[in-house]
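One letter stands for each residue in the lines below.
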Amino acid sequence: MVMLDRKLLRDIVAWRGSLAAIVLIVACGIAAFVAMQSVYDSLRLTQEQYYERFRFAAIFATLSRAPQSLESRIAAIPGVRAVQTRVVSDVSLDLPGRTDAVTARLVSIPTRNTPGINDLYLRDGRLPRPESADEAVASEAFAQANGLRVGEWIAAVINRRYHRFRIVGIGLSPEYVYEIRGATDIWPDNRHFGVLWLGRKTLGAAFDLTDAFNDVVVDTRAANVDAVIASLDRLLAPYGSSGAYAAHDQVSNRFLSDEIGQLRVQAIFIPAIFLAIAAFLLDIAVSRLVATQRSQIAVLKALGYANASLLAHYAKLVLLVVALGAAFGTLAGAWLGWRLTALYAHFFHFPFLAYRLDARAIAFAVAIASLATLAGAALALARVAALAPAQAMRPPSPPTYRPTALDRVAAIVRLPLVVRMVARDLERRSGAAIGTTLAVAFSVAMIVVGRFGADAVAYMIDVQFRMVQREDVNLAFVRPLGNRARFELASLPGVREIEVYRSIGARLSRGTHSRRVAILGFPDSGSLAHVVDRTLRVRRIPRAGLLLSAKLAEILGVRPGDRIEARILEGRPRTRELVVSGVVDDVLGLNAYMNLDALHRLLDEGGTISGALLAVDPARIDAFDRRVKALPAVAGIGYRASMMQQFERTIAETMGISIAFLLGFAASIACGVMYDAGRISLSERARDLSTLRILGATRREIAGIVFGELGVPALVAVPLGCALGYALCVVLAPAYETETYRIPVVVSTATYAFAALFVAASALGSSALLSRDLRRLDVLAVLKAGE
């Protein structure tokens, strides 16, 4: 076996270019699997550790006002481990140097300054002192977005009074990992909404809740959470409770859990596609590489080496390639996984990062790559080993040189000699050409899949902010107001159009299925808020009954015409029966719409409104902001332009590395496959090309033949790869669906154009490398080589 080992070293040196391409393909496939799996494992582990260490609540409830004495009765409910009553309210802030309106959610922390539930992690500074009435801790996302630091002063309008607070700490809470105002919001706007934590005494005195509370969080033992919620609802019903709900319905946790669920899909499907492509390419590359040693294998068999020894020899080569690819791929995957996990930790505002690199994931990826390469080598070796040594030592029988379809065309149309030679060779070596075409097509498909997420998000942003939410400003009131509020809002500076709405919390149920949602009531003639489906068709809200998101209808198991129960969670508890009048296949949220007048009749109330959508003259926005900031009835303000900017910036940050990695993987496939195919083709046809050189063909003509045999498969691969990429997007899109959003299958023209240019660039890069090999082609040495 010593001689075979020496041969192995010579083969490595001789094939270093082709082997390097195969190593790159293996590394990319393993890196994809390791990165995606580690991101999913790490984010899930970080969530679990954060929730456990800082005691994320199991149950949440909001109410109007309840006496503090009720806390002991809540604690006595079977299954309750701990209770924390709080004062929570949204107020308008006045930030230094800002004219636009900003909303903050004020949350009380216990007098002992160490919340037992939803504990605070301090990034900087300290907690407010119990005796201090003007100290606050600001949420990290809000502080960073607005440039706030420890020691700065801010002001808030609380109960029609002006209060100033000094920021003494920057913190994070498991309750606000994803910091948005409520269930009707989809994306955060940290410049205009944040959380401030203040002492219990301070907030109690400011809202006249010194011996009372309007919010409660509960930690449970390993008990039936639904039973605890039912008991809690009975206790809180007389105090204006909007209904208790479990942690899985809490806004921040739902968004985070949906994202982790989507990562789980990515950790399965995307690496599976990568490894399948890598396995296919390795099978082609290794098979052709081994086939070039046909005569050497025959000589070794004639010298007495058994097939098992030869198979072990090539298995060493394959396993060496896999080992190198695994080493580089694991390092690259671990680095990429760390970077992506860190981005998620920043986006979701975790105080720490628990990174996990699972050895089982690495072993699985390496095993797949090893089996693929060994299979490719074994199949090629089996074909050669089946020949008798004397027959195998002769070159393969030349193809039958009968007239091809091109020859019949050439009889009519005069084609250049090089073009005819390229076409004939592609037709006679169709297997190799098809393999190269499919390999490059897979790289194109990866580009399409890689940019699909960005295209889909851009489409969703465009639909949501230019067709669905057409307002400039969205105002939410502290509590529902009478219809006269619309006329006061219409008098604000710069207001060009106003559209009021009513929002009511409700639990929709049918049989054993239920969901807590907000029913949104809009007027008939509204133009600032539209209901739009995936086909961009504007749907009218029916005059009676509910219009449900298709996803919500699927969860509840209902169709148009069915009846469902709606338990109203605002004011006195009551249940109403409603008809599902329609279903809309929208892309964001679990939405339930009603005609505004119909919703008023359902609630037995007059023209009550929860907020208003406003179109504001940009030239007068500063005057508008100054007036709105002084309105005590306004609890929250959303600016469409600001939400768009922040979301686009966030998506660019979080998706940039993923897209760059996918493009790098595609580049590795395209360049590696084309160079490998060209290098092997050059080795297989060295005698033919040398003969042409002796007969007078120029070096440019020889290069035209080699590059043409690569260029034609690349050209065919572009449309094939685009179609394959779109098909993969169609398969992947449903797997990405969550209750928060549904990914539309949208691939932009720019993505297809980018894929074509990318393949062209890869082809040029491969051609540059092959040009060097062509210049080194020793014509005399090749012709002297015996058959």
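Residues numbered from 1 in each chain as written. Predicted model: local features only at pLDDT ≥ 70, side-chain atom pairs only at ≥ 80, totals over all residues. Heavy atoms only, no water.

Asker: Before we go on, may I ask you to explain a nonpolar patch on the surface in this structure?
Answerer: Taken together, the side chains of Met 3, Val 299 and Leu 303 present a nonpolar region at the surface, about 260 Å² in accessible area. Position of Met 3 among the secondary structure elements: in helix 1 (residues 2-14). (Patch = residues over 30% accessible without salt bridge, like charges linked within 9 Å, V, L, I, M, F, W, Y side chains within 5 Å. Areas by Shrake-Rupley, 256 points an atom, 1.4 Å probe, with all protein chains shown as cover. Salt bridge = Lys/Arg side-chain N within 4 Å of Asp/Glu carboxyl O. Helix = DSSP H or I, 4+ residues; strand = E, 2+ residues; numbered from the N terminus.)

Asker: For this particular structure, what's the right way to read the packing of aromatic side chains?
Answerer: Working definition: an aromatic ring pair is given by the centre-to-centre distance plus the angle between the planes. Taken as a whole and judged by the stated rule, the model has 18 aromatic pairs. Judged by centre distance (5.9 Å) and plane angle (75°), the rings of Tyr 50 and Phe 350 are edge-to-face. Separated by 300 residues along the polypeptide, Tyr 50 in helix 2 (residues 16-53) and Phe 350 in the loop between helix 9 (307-347) and helix 10 (359-385) bring together distant segments of the chain. Look at Tyr 50 and you get buried, because its relative accessible area is 0%. (Phe/Tyr/Trp six-rings, centres within 6.5 Å; stacked < 30°, edge-to-face > 60°. Buried < 20%, exposed > 50% of the residue type's maximum accessible area, 1.4 Å probe, protein only.)

Asker: Would you mind showing me how to read the sheet that holds strand 1 (residues 59-67) here?
Answerer: Remark on secondary structure: sheet strands pair via backbone hydrogen bonds, oriented parallel or antiparallel. Spatially, 2-10-1-11 is the arrangement adopted by the 4 strands of the open sheet, whose pairing is antiparallel. In this open sheet, the two edge strands, each paired with only one partner strand, are strand 2 (80-86) and strand 11 (245-246). Where strand 1 and strand 10 (residues 212-220) come together, 6 bridges link them in antiparallel fashion. Note on strand 10: the bridge partner recorded for Phe 60 is Val 217. Packed onto the sheet, helix 6 (residues 225-236) meets strand 1, strand 2, strand 10 and strand 11 and runs at close to 15° relative to strand 1. (Pairing = 2+ DSSP bridges. Contact = heavy atoms within 4.5 Å. Axes fitted to C-alpha atoms, helices over the stretch in contact; angles between N-to-C directions.)

Asker: So what exactly am I meant to see when it comes to unusual backbone geometry here?
Answerer: Peptide bonds are mostly trans, and most non-glycine residues show a negative phi. The phi dihedral of Arg 55 is positive, around 50°, even though this residue is not glycine. Position of Arg 55 among the secondary structure elements: in the loop between helix 2 and strand 1. The exposure class assigned to Arg 55 is partly exposed, which follows from its relative accessible area of 32%. The phi angle at Asn 118 is positive, at roughly 50°, despite the residue not being glycine. You can see Asn 118 is positioned in the loop between strand 4 (102-109) and strand 5 (121-125).

Asker: Just checking my understanding: could you explain the nonpolar core for this structure?
Answerer: A general tendency of soluble globular proteins is for nonpolar side chains to be buried together. Grouped together as the largest cluster of nonpolar side chains are 88 residues, with contacts concentrated most on Phe 348 and Phe 350. Counting residues per element, the ones that place at least two in this core are helix 2, helix 7 (251-291), helix 9, helix 14 (430-468), helix 19 (640-684), helix 21 (699-736) and helix 22 (749-775). For this core, the element with the highest residue contribution is helix 14, accounting for 15 residues. Leave out the neighbours within four places in its chain, and Phe 350 touches Leu 43, Thr 46, Gln 47, Tyr 50, Arg 123, Leu 172, Val 177, Leu 256, Tyr 344 and Ala 345. Ranked by size, the runner-up nonpolar core spans 25 residues in total, among them Val 87, Leu 148, Leu 196 and Ala 206. (Core = buried A, V, L, I, M, F, W, Y, C linked by side-chain atoms within 4.5 Å.)

Asker: Explain the pairing of strand 17 (residues 546-549) here, please?
Answerer: One face of the sheet, then the other: side chains in a regular strand alternate in exactly this way. Of the pairings in the sheet, the one linking strand 17 to strand 19 (residues 574-584) comprises 4 bridges and is parallel in character. Across the sheet, residue Ser 549 finds its bridge partner in strand 19, namely Val 584. Bridge count between strand 17 and strand 20 (residues 592-595): 2 bridges; the pairing is antiparallel. Counted as the bridge partner of Leu 548 is Ala 592 from strand 20.

Asker: In this structure, what is going on with helix 8 (residues 294-302)? I would like to understand it.
Answerer: In an α-helix, one full turn covers 3.6 residues, which means residues spaced three or four apart are oriented alike. When helix 8 is considered as a whole, its buried residues turn out to be Arg 294, Ile 297, Ala 298, Leu 300 and Lys 301. Viewed along the axis of helix 8, the buried residues span an arc of 160°, placing them on a single side of the element. Gly 304, located one to two residues past helix 8, shows a positive phi value of around 110°. (Arc of directions from axis to C-beta.)

Asker: Mind showing me how you'd approach the packing of helix 8 against helix 9 here?
Answerer: To describe two helices that pack against each other, one gives the angle between their axes and the distance between the axes. Relative to each other, helix 8 and helix 9 sit at 140°, their axes nearing to 10 Å. Judged by the angle between their axes, helix 8 and helix 9 are oblique. At the point where helix 8 passes helix 9, the crossing takes the right-handed sense. Between helix 8, through Ile 297, Leu 300 and Lys 301, and helix 9, the contact on the second element is made entirely by Asn 307, Leu 310 and Tyr 314. Its residues assigned to classes, the contact of helix 8 with helix 9 shows 4 nonpolar, 1 polar and 1 charged. (Parallel < 35°, antiparallel > 145°, perpendicular 65-115°, else oblique. Left-handed = near helix turned anticlockwise from the far one by under 90°. Nonpolar A, V, L, I, M, F, W, Y, C, P; charged D, E, K, R; others polar.)

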